[in-house]
Amino acid sequence: MDSNNGSPSVDTVVVGGGMAGLAAAAYVARAGRSVVVLERSSHAGGRAITEERNGYYFNLGPHALYKEGSASHALSELGVNVSGGEPPTSGKAALSGVLHTLPSSPIDVLTTSLLGLGAKLEMGRIFATFRRQDAQAQANVSLEEWLESKVRRPAVRQLFGALVRLATYTDDPARMSAGVAIGQLQMAQQGVLYLDRGWQTLVDGLRTTAEEAGAVIQTGAPAVAIEDHGATKTVRLDGGGSYEAASVIVATPPKTAAELLGRAGTGLLAWSESAGPVRAATLDIGLSELPRPDARFVLGIDQPLYLSVHSGVGDLAPPGGTMLHVAKYLGDDASSAEEVEHELEALLDLAQPGWRDLLVERRFLPNLTVVNALATAEDGGLEGRPDIATAMPGVYLAGDWAGSEGWLADASLASAKRAANAALDSVSAPASVSSLNR
Ligand SMILES: Cc1cc2nc3c(=O)[nH]c(=O)nc-3n(C[C@H](O)[C@H](O)[C@H](O)COP(=O)(O)OP(=O)(O)OC[C@H]3O[C@@H](n4cnc5c(N)ncnc54)[C@H](O)[C@@H]3O)c2cc1C
């Protein structure tokens, strides 16, 4: 690290040490450039951290890695080991307090008591053609409009809405882009993984890759401003101190990014306020054993609820133990945290009666940001998100809200790679991420 007017000087400063910031730093460092990551909190990882309690691995709510998504591709490119199992697609559907077979395969469609004959035929027809739907063509249509125009029976619409919630985490059919919903359901059909020892393994893997390539990761270092001096940017830290850099990658939530950019972030600030986050509440539970092994997965049909046993599929609990997650997709829900916690407990009572006597660890998180910005039909779906280039040349954006590729962590890592490439290209030497991919 060089020094310029007393400030350390590097090729690239990355602000934010979540998955996006760590991946961006790894790409930049592997291209031979000097990079420092500034992370506000005392540890890196952001929303992908896992807390180990008594041998139970607590992700921040249920986390599944999309096997064919941009995150999987970037992790493999960066040499990060991904180990875990693929959950079965079978499960239960909760409707009016009763559990039915979830019609997630053609055979389950035929046998479930959830749907009448006409609805089964319509569901079967949709299943048969769904993979071929052109998601992009529906980007400007809301999920609600799309369902009303394409699906005749209310029961099938309701089921479809529940499957979209599962794949996207989003419960806002009136605003959400149908294109994003369809694309993400198609992505889910290609399979997901529950990871052994949780998503912390991805954080640790990205961090190791970045550090081995020379990146410096500084925790407890909140950035407060980015100043533009032409070819050089100054990143100021809370409490004094600063870094000089040729390029900056901002991998924070959008409102923070806008504030760091000052006047150059005015448009971004307005956009982030209108897009609004996708939120969820989760009850994460460690049990000494599972009362009902036949109800490992339950999807709420008339309520935006989810329950899934992640251990067994992924190595996430001590021998004989069970790690499970219950979640509510919050939408514009106005219930109190206490009411939501009771709803989640009620789903557990329905699916896993007796769980309270087997409880070892529990954690309730009432209001998590799952995605920083809803992809609305009004904005044209993913195309409506801000580009990775900002109004301040040499400063780029990464995160689940930046760039037009992917959803959830797939968006974080797709934008991280693009931002790293842009940062590399903005400095004279030609190395770029794509040159690393051979
Ligand atoms: C309940 C839940 C379930 C999820 N399930 C899935 C799933 O199944 N599949 C999936 O793909 N994704 C899932 N996700 C999303 C996934 O966790 C995120 O997409 C991913 O972790 C986001 O990484 P990021 O780096 O973009 O953002 P973050 O993890 O939010 O990282 C941003 C970082 O910036 C730091 N920061 C903020 N301000 C500053 C500042 N001023 N200076 C320095 N640092 C700063 C923060 O401390 C943080 O570490 C889920 C998320 C939640 C909450």
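Rules used throughout
Residues numbered from 1 in each chain as written. Predicted model: local features only at pLDDT ≥ 70, side-chain atom pairs only at ≥ 80, totals over all residues. Heavy atoms only, no water. Near = heavy atom within 4 Å. Polar contact = N/O pair within 3.5 Å; in protein donor to acceptor, adjacent residues only side chain to side chain. Areas by Shrake-Rupley, 256 points an atom, 1.4 Å probe, with all protein chains shown as cover. Helix = DSSP H or I, 4+ residues; strand = E, 2+ residues; numbered from the N terminus. Pairing = 2+ DSSP bridges. Axes fitted to C-alpha atoms, helices over the stretch in contact; angles between N-to-C directions. Domains from an automatic or database assignment. Contact = heavy atoms within 4.5 Å. Buried area = accessible area lost by both parts, 1.4 Å probe. Core = buried A, V, L, I, M, F, W, Y, C linked by side-chain atoms within 4.5 Å. Buried < 20%, exposed > 50% of the residue type's maximum accessible area, 1.4 Å probe, protein only. Phe/Tyr/Trp six-rings, centres within 6.5 Å; stacked < 30°, edge-to-face > 60°.

A. Looking closely at the site of the ligand. Around the ligand lies a shell of 33 residues, among which Glu39, Arg47, His63, Ala64 and Ser412 are the nearest. Contact between the ligand and Glu39: an oxygen atom at 2.6 Å from a side-chain N or O atom of the residue. With the chains in place, 95% of the 1000 Å² that the ligand exposes on its own is no longer accessible. Only helix 1 (19–30), strand 19 (359–371) and helix 12 (409–426) provide two or more residues apiece to the shell around the ligand. No other element matches the 3 residues that strand 19 contributes to the shell around the ligand.

B. Expanded view of the sheet that holds strand 16 (residues 297–300). Spatially, the 7 strands line up as an open sheet ordered 9-8-16-17-18-15-19, and their pairing is mixed. At either end of the open sheet lies a strand with only one pairing partner, and these are strand 9 (98–101) and strand 19. Mean inter-strand twist for the sheet, computed between neighbouring axes without regard to direction, equals 20°. The pairing of strand 8 (residues 92–95) with strand 16 spans 3 bridges and is parallel. Bridge pairing links Ala94 to Gly300 in strand 16.

C. Main features of the domain arrangement of the protein chain. Segmentation of the protein chain into domains returns domain 1 (2–48 + 201–275 + 375–436) and domain 2 (105–189). Here domain 1 and domain 2 have C-alpha centroids that lie 35 Å from each other. Facing the 11 residues of domain 1 at the interface are 14 residues of domain 2. Roughly 910 Å² is buried in total at the junction of domain 1 and domain 2, and carbon and sulfur atoms are behind 55% of that figure. Three residues, Ala377, Trp407 and Leu408, lead the burial of domain 1 against domain 2; their summed loss comes to 51% of the area buried on that side.

D. Examining the nonpolar core more closely. By size, the foremost hydrophobic cluster in this structure holds 48 residues, and its most contacted members are Met123, Leu159, Phe160 and Trp407. Take this core: its biggest share by element is 7 residues, from helix 6 (residues 154–168). Counting residues domain by domain, this core receives three or more from each of domain 1 (2–48 + 201–275 + 375–436) and domain 2 (105–189). Setting aside chain neighbours within four positions, we find Leu159 in contact with Leu102, Pro103, Leu114, Leu115, Met123 and Ile301. One finds Ala29, Ala31, Ala48 and Leu195 within the second-largest nonpolar core, a separate group that totals 44 residues.

E. Broad picture of the pairing of strand 4 (residues 50–53). Bridge analysis of strand 4 against strand 5 (residues 56–59) gives 4 bridges, and the strand direction is antiparallel. Among the inter-strand pairings, Glu51 is bridged to a residue of strand 5, identified as Phe58. Linkage of strand 4 to strand 5, two consecutive antiparallel strands, is achieved through a turn of 2 residues, within which Asn54 is found at a positive phi near 55°.

F. Geometry of the packing of aromatic side chains. Applying the stated criterion to the full structure yields 5 aromatic pairs. Consider the rings of Trp146 and Phe160, whose centres lie 5.7 Å apart with planes at 45°: the pair is tilted. Placement of Trp146 in helix 5 (residues 143–150) and of Phe160 in helix 6 is noted, with a sequence separation of 14 residues between them. In this structure Trp146 comes out as buried when scored by relative accessible area, which is 3%. On the accessibility criterion, Phe160 (4% relative accessible area) is buried. Look at Tyr169 and Tyr329: their rings are 5.5 Å apart centre to centre, the planes differ by 75°, and that puts the pair in the edge-to-face class. Here Tyr169 is found in the loop between helix 6 and helix 7 (178–189), whereas its partner Tyr329 is found in strand 18 (residues 322–329), with 160 residues between them in sequence. Just as Tyr169 is buried, Tyr329 falls in that class too.

G. Broad picture of the sheet that holds strand 6 (residues 65–66). The strand order 6-10-7 describes an open sheet built from 3 strands, whose pairing is antiparallel. The sheet terminates laterally at strand 6 and strand 7 (84–85), the two strands that pair on one side only. Both strand 6 and strand 10 (residues 192–195) contribute to a ladder of 2 bridges, which runs antiparallel. Bridge pairing in strand 10 links Leu65 to Leu193.

H. Geometry of unusual backbone geometry. If you check the backbone angles, Tyr169 has positive phi at about 75° while not being a glycine. According to the relative accessible area criterion, Tyr169 is buried, its value standing at 13%. Positioned with a positive phi, Leu408 is a non-glycine residue whose angle comes to about 55°. Topologically, Leu408 is positioned in the loop between strand 20 (395–397) and helix 12.

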